[in-house]
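# Observations on the three-dimensional arrangement
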Amino acid sequence: NAGVTQTPKFQVLKTGQSMTLQCAQDMNHNSMYWYRQDPGMGLRLIYYSASEGTTDKGEVPNGYNVSRLNKREFSLRLESAAPSQTSVYFCASEVGGGGQTQYFGPGTRLLVL
Amino acid sequence: QKEVEQNSGPLSVPEGAIASLNCTYSDRGSQSFFWYRQYSGKSPELIMFIYSNGDKEDGRFTAQLNKASQYVSLLIRDSQPSDSATYLCAVGETDSWGKLQFGAGTQVVVTP
């Protein structure tokens, strides 16, 4: 039981390049989330998926897109990376139905030059 | 704009002492409250959650909730060097099932 997994662990991009961050969970959770964490700013929600087939914007969605591929997988895409997107990205999952206890993946460190 | 406020610290605590962390929130309708611990370079891990006013104890950790004052706290008794980490307060949003609003975290340093 791996919990929440994320790939890659670390990535360097040049401005304007695109990439997809992958997230998968094996806990049969309904809800999944993408956050970014910047120094001194805590975790900010980018997008979330309350259940398979649905996605919604969070606090900071600009410059990102998501896909809930199936119940297990939730990917985050940067279409044209900018230096302001340099951050640590965390995926989380939650059983759904209002429990609100979220479990986090190990994170992806992204550096945009 | 819903806000969750924490002192950034660092909070320096002697080994064996009690660490007291505070968190205030702006969403008066919030019903669920969480404390996460985050070691440097690692992901947040859940320590405790609390839904009702009062105290909830789990081992060396006690969460305290006062909804009238919109205040939640975490006490760490018998602090150990392994407790040195950043502690994130998270509050469930009332208008969105499952979403959490996180504070920026309080860094705790336990000194031997």
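Quick caveat: nothing in here was measured; it's all calculated off a predicted structure. (Residues numbered from 1 in each chain as written. Chains lettered and ligands numbered in written order. Predicted model: local features only at pLDDT ≥ 70, side-chain atom pairs only at ≥ 80, totals over all residues. Heavy atoms only, no water.)

All right, on to the packing of aromatic side chains then. Overall, the coordinates contain 13 aromatic pairs over all chains when judged by the stated rule. With a centroid separation of 5.6 Å and 40° between ring planes, the pair formed by Y35 of chain A and F104 of chain A is classed as tilted. In this pair, Y35 of chain A is assigned in strand β4 (residues 31-38) and F104 of chain A in strand β10 (residues 103-104), connecting sequence segments 69 residues apart. In this pair, the class of Y35 of chain A matches that of F104 of chain A, namely buried. Ring centres of F104 of chain A and F102 of chain B lie 6.0 Å apart, and the angle between their planes is 75°; this geometry places the pair in the edge-to-face category. Taken together, the residues F104 of chain A in strand β10 and F102 of chain B in strand β10 (residues 100-102) connect one chain to another. For the residue pair F104 of chain A and F102 of chain B, the accessibility class agrees, reading buried in each case. Here the aromatic residues Y33, Y35, Y48, F90 and F104 of chain A together with Y36 and F102 of chain B are joined through ring pairs into a cluster of three or more. The residue whose ring lies beneath K56 of chain B is F49 of chain B, and the NZ or CZ to ring-centre distance is 3.6 Å. Its guanidinium or amino end placed over the ring of F61 of chain B, R60 of chain B lies 5.6 Å from that ring's centre, counting from NZ or CZ. (Phe/Tyr/Trp six-rings, centres within 6.5 Å; stacked < 30°, edge-to-face > 60°. Helix = DSSP H or I, 4+ residues; strand = E, 2+ residues; numbered from the N terminus. Buried < 20%, exposed > 50% of the residue type's maximum accessible area, 1.4 Å probe, protein only. Lys NZ or Arg CZ within 6 Å of the ring centre and 35° of its normal.)

Residues and elements named next belong to chain B. Where burial is concerned, the two faces of strand β11 (residues 106-111) differ: the one with T106, V108 and V110 is buried and the one with Q107, V109 and T111 is not. With four bridges connecting them, strand β2 (residues 11-14) and β11 associate as parallel partners. Within β11, the residue paired with L11 across the bridge is V108. With three bridges connecting them, strand β9 (residues 85-92) and β11 associate as antiparallel partners. Bridge assignment links Y87 to a residue of β11, and that residue is T106. (Pairing = 2+ DSSP bridges.)

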